[in-house]
Amino acid sequence: QVQLVESGGGLVQTGGSLRLSCTASGRPFSLFDAMGWFRQAPGKDREFVAAVSTNEGKINYSDSAKGRFTIARDSARTMTLQMNNLQPEDTAVYYCAASLRLGPPPRYPQEYDYWGQGTQVTVSS
């Protein structure tokens, strides 16, 4: 059984940084085709942040993440999202997800097969 667990969320001031981690159990990342990060703010839809294809290493970022966030695989079972220059609009629950879909790193939630429980990121102004 696959389980994804996020950690590293918290409260940070505007301009600060956080590093989120996602750890997989039951199946190493190499057996997924892509790993991604999404976020969901209260009253809003789940939003794509970043994704990486596990075998080719291709990366996609949302426009809001580009230049500030960095997605990386730290090991066979751990993926990270380094977030710099955080802004209040980045406040959301951040989710790790894994996809069995071949091709470019997916950008849509329905293209992912497994999800973590989420970790809260709050950026104070």
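None of these values were measured; they are calculated from a predicted model.

Chemist: Break down the nonpolar core for me, citing the residues and quoting the values.
Modeler: Leu4, Met35, Trp37, Met79, Leu81, Met83 and Tyr94 are the most contacted members of the largest nonpolar core, which totals 29 residues. Elements with a contribution of two residues or more to this core: β3 (18-25), β4 (34-40), β5 (47-53), β7 (69-73), β8 (78-83), β9 (92-99) and β11 (119-124). Those residues within four positions of Leu81 in sequence are excluded, and the remaining contacts are Leu18, Arg19, Leu20, Trp37, Val49, Ala50, Phe69, Thr70, Ile71 and Tyr94. With five residues, the next largest nonpolar core counts Phe38, Phe48, Ala51 and Tyr112 among its residues.

Chemist: Describe the environment of Gln82, naming the residues involved and giving the relevant values.
Modeler: Tracing the backbone through its elements, the reader meets Gln82 in strand β8. Note on Gln82: relative accessible area 22%, which makes it partly exposed. Through-space distance from the C-alpha of Gln82 to that of Thr122 is 15 Å; in sequence the pair is 40 residues apart. When sequence neighbours within four positions are dropped, the list of residues in contact with Gln82 reads Ser17, Leu18, Arg19, Arg68, Phe69 and Thr70.

Chemist: Talk me through the sheet that holds β7; I want residue IDs and the actual numbers.
Modeler: The strand order β1-β3-β8-β7 describes an open sheet built from four strands, whose pairing is antiparallel. In this open sheet, the two strands that pair with only one neighbour each are β1 (3-7) and β7. Strand-to-strand, the axes of this sheet are offset by a mean angle of 15°, without reference to chain direction. Relative to β8, β3 runs antiparallel, the two sharing six bridges.

Analysis parameters
Residues numbered from 1 in each chain as written. Predicted model: local features only at pLDDT ≥ 70, side-chain atom pairs only at ≥ 80, totals over all residues. Heavy atoms only, no water. Core = buried A, V, L, I, M, F, W, Y, C linked by side-chain atoms within 4.5 Å. Buried < 20%, exposed > 50% of the residue type's maximum accessible area, 1.4 Å probe, protein only. Helix = DSSP H or I, 4+ residues; strand = E, 2+ residues; numbered from the N terminus. Contact = heavy atoms within 4.5 Å. Pairing = 2+ DSSP bridges. Axes fitted to C-alpha atoms, helices over the stretch in contact; angles between N-to-C directions.

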